[in-house]
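As a plain string of letters, each chain reads:
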Amino acid sequence: MSHDTSTTKRPLLSSRSISRDLTASLVCIVLLVATAMAGYAYWQQSEDMWRKAGEKGEDTITSVAEILAVPIWNLDYDNARLIGSVYTHDEMVQAIRIYGSRNEVVFAHEKFSGVPPDFSKVRSIVFEGRTIGRAEIDFTLSREKQQLDEQMLVSSLIIVVAISVILAITGLLLRIFLNKPLKVLQQGIARVAKGDFSYEFGEVRHTELIEIATRFRRMSAEIEAREKKLQAMNKTLQEAEEKYRGIFENAIEGIFQATPDGVLRRANPAMARIFGYESLDEFLSNVRSLGSRTMVNPDRMQDFYKQVRERGEIKRFEAEYYRRDGKTIWGSLNARAIYADSGEIVFIEGILEDITDRKKAEQDLADLNRHLEQLVRERTEDLVNKARELEEANQRLRELDEMKSAFLSSVSHELRTPLTSILGFAKLLHKEFTRNYLPLTNDPALLKRGQRIQNNLLIISHEGERLTRLINDVLDLNKIESGSMGWRDERLNMGDVVETAVQSVTGLFAQNTRVRLMAEIDPTLPVVIADPDRMQQVLINLLNNAAKFTDDGSVTVRAFPRFGQVRVEVADTGPGIQLDDQSRIFEKFHQSKAAAVGDKPKGTGLGLTICREIVEHYGGRIWVESEVGKGSTFVFTLPAAS
């Protein structure tokens, strides 16, 4: 019954018109405003009427008292009655009473008997300061009230007529400006409701309604987009359902749904295949639950249901099952509980995977692991023995390295003494032979032999000096590698070190006037911690190499800070170094191919190796940047002191 009532009320509510509601609202508002204004005007006029009546009554009673003073004093009551009768003609005077000095009635007159006056005035009659009587006048406002009521009636009629005209005009305007556009909107909404989203509100002209139409068009566009989206989603859901059905039917793993007690409700064909049944119907008719008939250990299934109830899901629950033919298989269960709104478990759904092959592989892997562990133990014993042998060999190598270092040091010292004597005597012989014997020879043949002896002595001197440098370099390199080099580290300004090195090789560059030696030192160089003698050794070695391989052009030394380091560059305009030589030039006894060409003096092949060892000892790096025919730049960096 309530449903019927609600359905019958809706048409009544929906039949209400906006124009009718607006008209009724306007009527109520205008009536309220008009009533309020009329009431206010009536009140104002009534107040004004009473105020004027009061003033007139006050003037009248005052005039009567003043005029009657002389006749009452002279006891001329006839004249007093005449004066009183004059005032009875006033429309406001309803009654007048004049009393003498002994309170006797001198004159009394009343127009309307039995009708109460609107107000009364009493005034004493005074003559020369003495009260000789009194006058009483009752006033009535019936005529003024009648005029006021007639005036309010006329005003009310005018207001009613004005309201009627306004309402008629308003109703007409509402029909023109509201009903028609609303009907257009209703028609558009009806067409959109039927699925026609292309409707245009062409007949709507007003700004507010255009805004409503615009918003409705947007809404209809959104509804159309959502409808298309819903259709697409519906299609997707259908495809997903078909896909899920395909997955469910064609899955390799068994998919099932069971009651909380374990009774199977649904299953896919893979479940039947796993348990050895040819069809799903046959499987469901023979296997009612994953319980005691299918599990090798039925207690495991109770544990399965317990975990599902407690946790809501279970993963990788492994158990052994019986197949139809009596063979056993291993299965892995992943299941979860599906709950009702009340919180109770409705059913359990899960996936059963046949892991028999994996279990067999795990068993084989366990056997293999045991075998491998045995092999590892045996191999470990062999490795321990080999490690022991390697340690002994390493100890022997260290002893041999110490012996090599001691041998090199001893041999170098032993060679240095006779080499110094040979070099000294060769220079002395060359000097004595050139000064004392060569000038005495006049025979050209003897002169030629003397010059050859002189050249041979020079060769002995040069080779002796080269051998001395080789021995010194070998000793330095041996000390560095063995850790016996004495490092006298201090805080250095690399600018001073560069200037000292440049001054040291000035004489060497003076021999070739075609090569200019330049230095570019940044005054903001940070301090480094290093041995000044070793830094001099690095720079002089690099400058000697640059002077040796530069015939024409310049050699430039640059020192500047970069990325928290001191960067030093020695750039020359020599022949350059080939690319395959650049990666090997810092190796022991390796000489650039440019040194083997022409009459360049041969070095020891250890200078750049010693430079690398010194720079890397202080945490720096040294390398060469070169291009054949354009010169070479040797660069090394040192970390700035903190």
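Before reading further, recall that the structure is shown in the block above.
Residues numbered from 1 in each chain as written. Predicted model: local features only at pLDDT ≥ 70, side-chain atom pairs only at ≥ 80, totals over all residues. Heavy atoms only, no water.

S.K.: Go over the environment of Pro439 with me, naming the residues and quoting the values.
M.R.: With respect to the element layout, Pro439 can be found in the loop between helix 9 (356-437) and helix 10 (444-482). Judged by relative accessible area, Pro439 falls into the exposed class, the value being 52%. Placed eleven residues apart in sequence, Pro439 and Gly450 show a C-alpha to C-alpha distance of 9.7 Å. When residues no more than four places from it in sequence are discounted, the contact partners of Pro439 are Phe433 and Thr434. (Helix = DSSP H or I, 4+ residues; strand = E, 2+ residues; numbered from the N terminus. Buried < 20%, exposed > 50% of the residue type's maximum accessible area, 1.4 Å probe, protein only. Contact = heavy atoms within 4.5 Å.)

S.K.: Kindly report on the sheet that holds strand 5 (residues 254-258), identifying the contributing residues and their values.
M.R.: Strands in a sheet are paired, the pairing made by backbone hydrogen bonds, and the direction either parallel or antiparallel. If you trace the five strands from one edge of the open sheet to the other, you get 6-5-9-8-7, paired in antiparallel fashion. The sheet terminates laterally at strand 6 (264-267) and strand 7 (313-322), the two strands that pair on one side only. Each adjacent strand pair in this sheet contributes to an overall mean axis angle of 30 degrees, direction not counted. In the packing of helix 8 (residues 298-311) onto the sheet, contacts are made with strand 7, strand 8 (328-339) and strand 9 (345-354), and the angle to strand 7 comes to roughly 165 degrees. (Pairing = 2+ DSSP bridges. Axes fitted to C-alpha atoms, helices over the stretch in contact; angles between N-to-C directions.)

S.K.: Lay out helix 11 (residues 494-504) in plain terms, naming residues and giving numbers.
M.R.: When we look at burial in helix 11, the residues that qualify are Met494, Gly495, Val497, Val498, Ala501 and Val502. End-on, the buried residues of helix 11 take up no more than an arc of 160 degrees, which puts them together on one face. In this structure Asn493 caps helix 11, since a side-chain oxygen of it lies 3.0 Å from the backbone nitrogen of Gly495. (Arc of directions from axis to C-beta. Polar contact = N/O pair within 3.5 Å; in protein donor to acceptor, adjacent residues only side chain to side chain.)

S.K.: A description of unusual backbone geometry should follow, citing residues and the corresponding values.
M.R.: The residue Asn103 is not glycine, and still its phi comes out positive at about 65 degrees. Tracing the chain through its elements places Asn103 in the loop between strand 1 (93-99) and strand 2 (105-110). The partly exposed category is assigned to Asn103, whose relative accessible area is 44%. In this model, Arg316 sits at a positive phi of 50 degrees, which is unusual for a non-glycine residue. Checked against the element boundaries, Arg316 lands in strand 7. Taking the relative accessible area as the measure of exposure, Arg316 reaches 61% and is therefore exposed.

S.K.: Give a detailed account of the nonpolar core, specifying residues and quantitative values.
M.R.: Ranked by size, the top nonpolar core spans 39 residues in total, and within it Met494, Met535, Val568, Phe634, Phe636 and Leu638 carry the most contacts. Breaking this core down by element, the ones donating at least two residues are helix 11, strand 12 (527-530), helix 13 (532-549), strand 13 (553-562), strand 14 (565-572), helix 15 (607-617), strand 15 (621-627) and strand 16 (631-639). Take this core: its biggest share by element is seven residues, from helix 13. Contacts of Phe636, omitting those with residues within four sequence positions, involve Met494, Val538, Leu539, Leu542, Val566, Arg567, Val568, Val615, Arg621 and Ile622. Of all hydrophobic cores here, the second largest spans 27 residues; its members include Ala267, Met301, Ile314 and Ala319. (Core = buried A, V, L, I, M, F, W, Y, C linked by side-chain atoms within 4.5 Å.)

S.K.: Account for the sheet that holds strand 16, with residues named and values stated.
M.R.: The strand order 11-13-14-16-15 describes an open sheet built from five strands, whose pairing is mixed. Here the strands that pair on one side only, and so sit at the sheet edges, are strand 11 (515-521) and strand 15. Neighbour to neighbour, the strand axes of the sheet diverge by 15 degrees on average, direction disregarded. Here strand 14 runs beside strand 16; their pairing, made up of seven bridges, is antiparallel. Within strand 16, the residue paired with Val570 across the bridge is Phe634.

S.K.: Quick rundown of a nonpolar patch on the surface? Include the residues and the values.
M.R.: Residues Leu365, Leu368, Leu372, Leu375 and Val376 make up a contiguous nonpolar surface patch of about 410 Å² in total accessible area. Along the chain, Leu368 turns up in helix 9. Overall, the relative accessible area of 42% leaves Leu368 in the partly exposed class. (Patch = residues over 30% accessible without salt bridge, like charges linked within 9 Å, V, L, I, M, F, W, Y side chains within 5 Å. Areas by Shrake-Rupley, 256 points an atom, 1.4 Å probe, with all protein chains shown as cover. Salt bridge = Lys/Arg side-chain N within 4 Å of Asp/Glu carboxyl O.)

S.K.: Go over the pattern of salt bridges, please, and point to the residues and values.
M.R.: Per the stated rule, a full pass over the model turns up 29 salt bridges. With a shortest N-O distance of 2.4 Å, Arg358 and Glu318 are connected by a salt bridge. In this pair, Arg358 sits in helix 9 while Glu318 sits in strand 7, placing the two residues 40 residues apart along the sequence. Its relative accessible area of 35% is what places Arg358 among the partly exposed residues. It is possible to trace a salt-bridge network through shared partners that takes in Glu520, Arg558, Arg567, Glu569 and Glu625.

S.K.: Describe helix 3 (residues 77-87), listing the residues and the values that go with them.
M.R.: Listed in full, the buried residues belonging to helix 3 are Ala80, Ile83, Gly84 and Tyr87. Viewed end-on, helix 3 has its buried residues packed into an arc of 100 degrees, placing them on one side of the element. Residues of helix 3 that are exposed and angled more than 90 degrees away from the buried face: Asp78, Leu82 and Val86.

S.K.: Would you mind going over the packing of aromatic side chains in detail, with residue names and values included?
M.R.: All told, the structure shown has ten aromatic pairs when counted by the stated rule. Ring plane angle 35 degrees and centroid distance 6.0 Å describe the contact between Tyr40 and Trp43, whose orientation is recorded as tilted. In this pair, Tyr40 and Trp43 both sit in helix 2 (residues 18-73), three residues apart, roughly one turn of the helix. Exposure remark for Tyr40: the relative accessible area of 52% places this residue in the exposed category. The exposure class assigned to Trp43 is partly exposed, which follows from its relative accessible area of 47%. Considering the side-chain rings of Phe304 and Phe317, the 5.3 Å spacing of their centres and the 55 degrees angle between planes classify their relative orientation as tilted. Of this pair, Phe304 sits in helix 8 while Phe317 sits in strand 7; the two residues are 13 residues apart in sequence, bridging distant segments of the chain. Given a relative accessible area of 4%, Phe317 falls into the buried group. The structure contains a cluster of three or more aromatic residues connected by ring pairs, namely Phe275, Tyr277, Phe283 and Tyr321. (Phe/Tyr/Trp six-rings, centres within 6.5 Å; stacked < 30°, edge-to-face > 60°.)

S.K.: So what's going on with the environment of Ser332? Residues and values would help.
M.R.: When you line up the elements, Ser332 lands in strand 8. Assessed through its relative accessible area of 3%, Ser332 is described here as buried. Residues in contact with Ser332, not counting those within four places in the same chain, are Arg316, Phe317, Glu318, Ile351, Leu352, Glu353 and Ile355.

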